[in-house]
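Residue-level structure breakdown
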Amino acid sequence: MTRDNQSLIEHRQHHVPRGVVTAHPLFVEKAQGAELWDVEGRHFIDFVGGIGVQNIGHSHPRVIDAVQKQLAKVTHAAFQVVGYEVYTQLAERLNTLVGNGAHYKSFFSTTGAEAVENAIKVARAWRKVPGVIAFRGGFHGRTLLGSTLTGMSAPYKQNFGPMAGEVYHTPYPDAYRNFSAADAIRSLEDLFATQIAPDRVAAIILEPVQGDGGFLPAGKDFMQALRELTTRHGIVLICDEIQAGFGRTGEMFGFQHFGIQPDVITVAKSLAGGLPISGIVGRAEIMDAPLPGGLGGTYGGNPLGCAAALAVL
Ligand SMILES: Cc1ncc(COP(=O)(O)O)c(C=O)c1O
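Residues numbered from 1 in each chain as written. Predicted model: local features only at pLDDT ≥ 70, side-chain atom pairs only at ≥ 80, totals over all residues. Heavy atoms only, no water.

1. Some thoughts on the nonpolar core
Counting 73 residues, the largest nonpolar core has Ile133, Leu149, Ile204, Leu206, Phe222 and Ile238 as the members making the most contacts within it. Leaving out residues up to four positions away in the same chain, leucine 149 has contacts with Val116, Ile120, Val132, Ala134, Phe135, His140, Val167, His169 and Ile205. (Core = buried A, V, L, I, M, F, W, Y, C linked by side-chain atoms within 4.5 Å. Buried < 20%, exposed > 50% of the residue type's maximum accessible area, 1.4 Å probe, protein only. Contact = heavy atoms within 4.5 Å.)

Structural data, given as structure tokens:
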């Protein structure tokens with residue numbers, strides 16, 4: 001087969017469904033730092049970085065070296081079967097980075113959507129009530145619960161229902177459209193009054209800066225009011241740091257701009273510079289709520305991903 005973009009695109013259209021969109025009409029041959037080259041030798045500056053994954057650039061030599069060393073030792077063993085040090089070292093590193101002196105624990109999965117699923121599982125197991133509140137314009141992945149939590153209809157939810165139960169949406173602050181932190185808090189209180197009482201809510205999940213929703217920061221006033229309100233009601237505050245995390249907003253994590261401490265965060269994307277690993281980092285007592293065996297996944301916290309993540313950090 002000819003290796004030009006057009007023939008590769010035709011081949012792809014015949015064999016891959018239209019539901020997975022490839023935004024740019026090119027096939028990549030290699031990528032390095034902030035640049036990539038297509039199969040025809042054309043050279044591009046990459047502003048996308050694999051959708052917020054390459055915050056340290058493509059093919060960083062220290063990541064490649066760490067993955068190659070790990071590859072020669074063990075590629076997969078399943079953390080549910082035997083332990084391996086890179087997993088626990090990565091957990092310790094993230095717990096220290098996120099915990100701000102408090103005892104946090106980490107659990108690893110493979111994709112961002114899985115991290116979101118597990119954050120909700122942990123929060124529900126801890127609170128023992130089902131309700132979850134998410135925000136309009138938020139994006140949390142493409143699994144059933146991820147797309148239920150996502151606050152955008154087409155194409156993410158369109159034709160895929162029924163969605164998962166006990167998820168409620170409320171407006172996110174939007175400085176560009178004059179919707180203030182106070183407006184957003186009022187909407188949330190209205191939701192409590194009309195849809196679900198706070199004692200039935202396990203978690204509120206939000207991106208500290210909405211990514212797919214239009215790069216909207218939640219803002220300090222809103223995050224501080226939300227932290228006060230969730231603490232008052234005992235609701236688990238989950239920051240989805242999958243896109244905002246790992247330096248993308250200037251701080252290591254998006255929440256660090258707002259002077260608040262979340263109960264649980266989700267991580268993925270730039271955590272491992274292109275290797276598929278995700279996770280949740282949260283207060284030890286909340287993370288320990290699921291029964292032994294309640295968390296896991298064959299590939300979760302794969303050794304190559306853990307080694308890459310340690311190199312990235
Ligand atoms: C904020 C946020 N949460 C969750 C996800 C889902 O991650 P994944 O595509 O790895 O499942 C994304 C992906 O874009 C995201 O930006």
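2. A closer look at the environment of threonine 22
Residue placement: threonine 22 occurs in the loop between α1 (5–15) and β1 (28–32). Along the primary structure threonine 22 and isoleucine 9 are separated by 13 residues, whereas in three dimensions their C-alpha atoms are 9.4 Å apart. Here arginine 12 takes part through its side chain, which lies 2.8 Å from a polar atom of the side chain of threonine 22. (Helix = DSSP H or I, 4+ residues; strand = E, 2+ residues; numbered from the N terminus. Polar contact = N/O pair within 3.5 Å; in protein donor to acceptor, adjacent residues only side chain to side chain.)

3. Observations regarding a nonpolar patch on the surface
On the surface, Ile45, Phe47, Val48 and Ile51 cluster together into a nonpolar patch covering about 480 Å² of accessible area. With respect to the helices and strands, the residue isoleucine 51 is situated in helix α2 (residues 49–52). Here isoleucine 51 falls in the exposed class, since its relative accessible area comes to 51%. (Patch = residues over 30% accessible without salt bridge, like charges linked within 9 Å, V, L, I, M, F, W, Y side chains within 5 Å. Areas by Shrake-Rupley, 256 points an atom, 1.4 Å probe, with all protein chains shown as cover. Salt bridge = Lys/Arg side-chain N within 4 Å of Asp/Glu carboxyl O.)

4. Here's the deal with the site of the ligand
Every residue near the ligand is listed here: Thr111, Gly112, Ala113, Phe139, His140, Gly141, Glu207, Asp240, Ile242, Gln243 and Lys269. Here a nitrogen atom of the ligand sits 2.7 Å away from a polar atom, N or O, in the side chain of aspartate 240. One of the side-chain N or O atoms of glutamine 243 is found 2.8 Å from an oxygen atom in the ligand. When the free accessible area of the ligand is taken as 380 Å², the share hidden by the protein chains comes to 83%. The class makeup of the residues in the shell around the ligand is three nonpolar, five polar and three charged. (Near = heavy atom within 4 Å. Nonpolar A, V, L, I, M, F, W, Y, C, P; charged D, E, K, R; others polar.)

5. What about the domain arrangement of the protein chain?
Each assigned domain of the protein chain is listed here: domain 1 (5–47) and domain 2 (62–312). Put simply, the middle of domain 1 and the middle of domain 2, counted by C-alpha atoms, are 30 Å apart. (Domains from an automatic or database assignment.)

6. Quick look at the sheet that holds strand β6 (residues 167–170)
Spatial strand order, β4-β12-β11-β10-β7-β5-β6: seven strands in an open sheet with mixed pairing. Strands with a single pairing partner mark the edges of an open sheet, and in this sheet they are β4 (104–109) and β6. Geometrically, the sheet is characterised by an average inter-axis angle of 20° between neighbouring strands, direction not taken into account. Bridge count between strand β10 (residues 236–240) and strand β11 (residues 264–267): three bridges; the pairing is parallel. (Pairing = 2+ DSSP bridges. Axes fitted to C-alpha atoms, helices over the stretch in contact; angles between N-to-C directions.)

7. Regarding the packing of helix α4 (residues 85–99) against helix α10 (residues 303–312)
Here α4 crosses α10 at 40°, and the two axes come no closer than 9 Å. The angle between the axes of α4 and α10 places the two elements in the oblique class. Between α4 and α10 lies a crossing of left-handed hand. Contacts between α4 and α10 involve Val86, Tyr87, Gln89, Leu90 and Arg93 from the first element and Pro303, Cys306, Ala307, Ala309 and Leu310 from the second. (Parallel < 35°, antiparallel > 145°, perpendicular 65-115°, else oblique. Left-handed = near helix turned anticlockwise from the far one by under 90°.)

8. Remarks on unusual backbone geometry
Cis rather than trans, the peptide bond between alanine 154 and proline 155 has omega equal to 0°. Mapped onto the elements of the fold, proline 155 is located in the loop between α6 (144–149) and β6. The step from glycine 161 to proline 162 runs through a cis peptide bond, and the omega angle for that step is 0°. Mapped onto the fold, proline 162 is located in the loop between α6 and β6.

9. Regarding the pattern of salt bridges
Side chains that carry opposite charge are capable of pairing whenever their charged atoms lie near each other. Enumeration over the complete set of coordinates arrives at nine salt bridges. Measuring nitrogen to oxygen at the nearest pair gives 2.7 Å for the salt bridge that ties aspartate 183 to arginine 186. Note that aspartate 183 and arginine 186 are positioned in helix α7 (residues 181–194) at a spacing of three residues, about one turn of the helix. Of the charged contacts, one joins aspartate 263 and arginine 283 as a salt bridge, the two residues approaching to 2.8 Å between their closest N and O atoms. Here arginine 283 lies in strand β12 (residues 278–283) and aspartate 263 lies in the loop between β10 and β11, a separation of 20 residues in the sequence. We classify arginine 283 as partly exposed; its relative accessible area is 22%.

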